[in-house]
Amino acid sequence: MSDLVRPDADGPGADLDPRAEELARNLAEARRRIAAACADSGRDPGEVTVVAITKTRPAQDVRRLAALGLRELGESRDQEAREKAGACADLDLVWHFVGQLQRNKAGSVARYAHVVESVDRPTLVGALDRGAVQADRRVGVCLQVDLDIEERPNRGGARPEALAPLASAVEEAAGLDLLGVMAVAPRQMEPARAFDRLASVHERLLADHPAATMRSAGMSEDLAEAVRSGATHVRLGSALLGRRDSLK
Ligand SMILES: *Cc1c(COP(=O)(O)O)cnc(C)c1O
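We now turn to the structure provided with this report. (Residues numbered from 1 in each chain as written. Predicted model: local features only at pLDDT ≥ 70, side-chain atom pairs only at ≥ 80, totals over all residues. Heavy atoms only, no water.)

Across its full length, the protein chain carries 9 helices and 8 strands. The C-alpha radius of gyration of the protein chain comes to 19 Å, within 12% of the 18 Å expected for a compact globule of 248 residues. With respect to the principal axes defined by its C-alpha atoms, the protein chain has extents near 70 × 45 × 35 Å. Taking all contacts inside the protein chain whose residues are at least 6 apart in sequence as the whole, residues at least 24 apart take part in 58%. The distance from the centre of the 35 positive side-chain charges to the centre of the 39 negative ones in the protein chain is 4 Å. (Helix = DSSP H or I, 4+ residues; strand = E, 2+ residues; numbered from the N terminus. Rg over C-alpha atoms; globule rule 2.2 N^0.38 Å. Contact = heavy atoms within 4.5 Å. Lys, Arg positive; Asp, Glu negative; His and termini not counted. Charge placed at Lys NZ, Arg CZ, Asp CG, Glu CD.)

Rendered as structure tokens:
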């Protein structure tokens, strides 16, 4: 075996990591899809931030994504998020909490999350604010919007008409910054229609809160529709890391 190909512990082969190569390919493909959706809608790909959703994946995958230049990471469960943020504390990452949040976990989340995207009720605003103040931190907040026009029970989110008082509560909270809105397209709605609805809800919010410009919309399956409708952040799990059910 020549020196050039030997996977030596500290030689040139030390960089060979098939998983890292897989993630690099997936990221390139996701960026290609984002760029195509931007081209369709006259947007600059630089306006769209990828938040890598690493739930169920090991901290080593977070390190691999960071090595590829991703800085914004997301998780949906407090304990898993807290452990991964702790294990990667040397990396200077921005952690988003995107899952449904119970009030009794808000204090914990406020200690490591930089952005909580899933705020959908006043009791959560109070609990997150107390946690942020106690931890002497500021926590960014997105209001999660329930876009379902038929008002079926969904996985979290405030009804559009409930957003104005929620936004005021966040603005008044000493430890929280209102960043914008987040939504998941309801299963029963076409994504383009759902995200257009989010766009108009967001525009109404911006009239009173012009600094709240973040619009987190789109996941692996519907990122193109989200980008075309003006998303500033897409939350990508399986598109970057592979299907989660393939682990089981
Ligand atoms: C898991 C999750 C994602 C990522 O989902 P993929 O379909 O794997 O891209 C995005 N947003 C939220 C709120 C999630 O829970």
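What follows concerns the side chain of Ser229. Note on placement: Ser229 falls in the loop between helix H8 (223–228) and strand S8 (233–236). With relative accessibility at 13%, the residue Ser229 sits in the buried group. A distance of 2.9 Å separates a polar side-chain atom of Ser229 from the backbone oxygen of Ala226. Beyond its immediate chain neighbours, meaning those up to four positions away, Ser229 contacts Phe195, Asp196, Ala199 and Arg215. (Buried < 20%, exposed > 50% of the residue type's maximum accessible area, 1.4 Å probe, protein only. Polar contact = N/O pair within 3.5 Å; in protein donor to acceptor, adjacent residues only side chain to side chain.)

For the rest of this paragraph, the subject is the site of the ligand. The local shell around the ligand consists of Ile53, Lys55, Val98, Met219, Ser220, Arg235, Leu236, Gly237, Ser238 and Arg244. A distance of 2.5 Å is found between an oxygen atom of the ligand and a side-chain nitrogen or oxygen belonging to Ser220. At a separation of 2.8 Å, an oxygen atom of the ligand approaches a polar backbone atom of Gly237. Notes on the ligand: free accessible area 390 Å², of which the protein chains cover 89%. Looking at the shell around the ligand residue by residue, the class counts come to 4 nonpolar, 3 polar and 3 charged. (Near = heavy atom within 4 Å. Areas by Shrake-Rupley, 256 points an atom, 1.4 Å probe, with all protein chains shown as cover. Nonpolar A, V, L, I, M, F, W, Y, C, P; charged D, E, K, R; others polar.)

With their axes 10 Å apart at the nearest point, helix H1 (residues 18–41) and helix H2 (residues 59–67) run at an angle of 55 degrees to one another. Considered as vectors, H1 and H2 are oriented oblique to each other. The hand of the H1/H2 crossing is right-handed. Judged by residue contacts, Arg19, Ala20 and Leu23 of H1 engage Asp61, Arg64 and Leu65 from H2. (Axes fitted to C-alpha atoms, helices over the stretch in contact; angles between N-to-C directions. Parallel < 35°, antiparallel > 145°, perpendicular 65-115°, else oblique. Left-handed = near helix turned anticlockwise from the far one by under 90°.)

This next bit is on the pairing of strand S7 (residues 214–217). Across the two faces of S7 the burial is the same, with Met214 and Ser216 and Arg215 and Ala217 all buried. Across 4 bridges, the pairing between strand S6 (residues 176–183) and S7 is parallel. Across the sheet, the residue bridging to Val181 is Arg215, located in S7. This β-α-β element, S6 to helix H7 (residues 191–208) to S7, shows right-handed connectivity. (Pairing = 2+ DSSP bridges. Right-handed = clockwise from strand over helix to strand, strands pointing away.)

Before going further, it helps to examine the environment of Gly126. Note on placement: Gly126 falls in helix H5 (residues 122–134). Spatially, the C-alpha atoms of Gly126 and Leu176 are 9.7 Å apart, while their sequence positions differ by 50 residues.

A few words on the side chain of Arg19. Among the structural elements, Arg19 can be located in helix H1. If sequence neighbours within four positions are ignored, Arg19 has contacts with Arg57, Asp61, Arg64 and Leu241.

Val116, Leu128, Leu143, Leu176 and Leu240 are the most contacted members of the largest nonpolar core, which totals 65 residues. In terms of residue count, the dominant contributor to this core is H1 (6 residues). For Leu128, the contacting residues outside a window of four places in its chain are Leu101, Ala106, Ala110, Val116, Val119, Val141 and Leu176. Of all hydrophobic cores here, the second largest spans 7 residues; its members include Ile53, Val98, Cys142 and Met182. (Core = buried A, V, L, I, M, F, W, Y, C linked by side-chain atoms within 4.5 Å.)

So, on to helix H6 (residues 163–172). Within H6, burial applies to Leu163, Leu166, Ala167 and Val170. Taken end-on, H6 shows its buried residues confined to a sector of 100 degrees, consistent with a single buried face. Opposite the buried face of H6, at more than 90 degrees from it, the exposed residues are Pro165 and Glu172. Against the buried residues of H6 lie strand S4 (115–119), H5, strand S5 (139–144), S6 and H7. (Arc of directions from axis to C-beta.)

The next point concerns the environment of Leu178. Along the chain, Leu178 turns up in strand S6. C-alpha of Leu178 to C-alpha of Gly140: the two residues are 38 residues apart in sequence and 6.0 Å apart in space. Look past the residues within four positions of Leu178 in its chain and what remains in contact with it is Val141, Leu143, Ala167, Val170, Glu171, His209, Ala211 and Ala212.

Taking burial as the measure, the 5 residues of S4 include 5 buried ones, the bulk of the element. Regarding the hand of the β-α-β motif, the stretch spanning strand S3 (residues 94–97), helix H4 (residues 106–112) and S4 is right-handed. In terms of strand pairing, S4 meets S5 through 3 bridges, oriented parallel. The partner of Val116 across the bridge, within S5, is Val141. Assessed by its sense of winding, the connection that carries the chain from S4 through H5 to S5 is right-handed.

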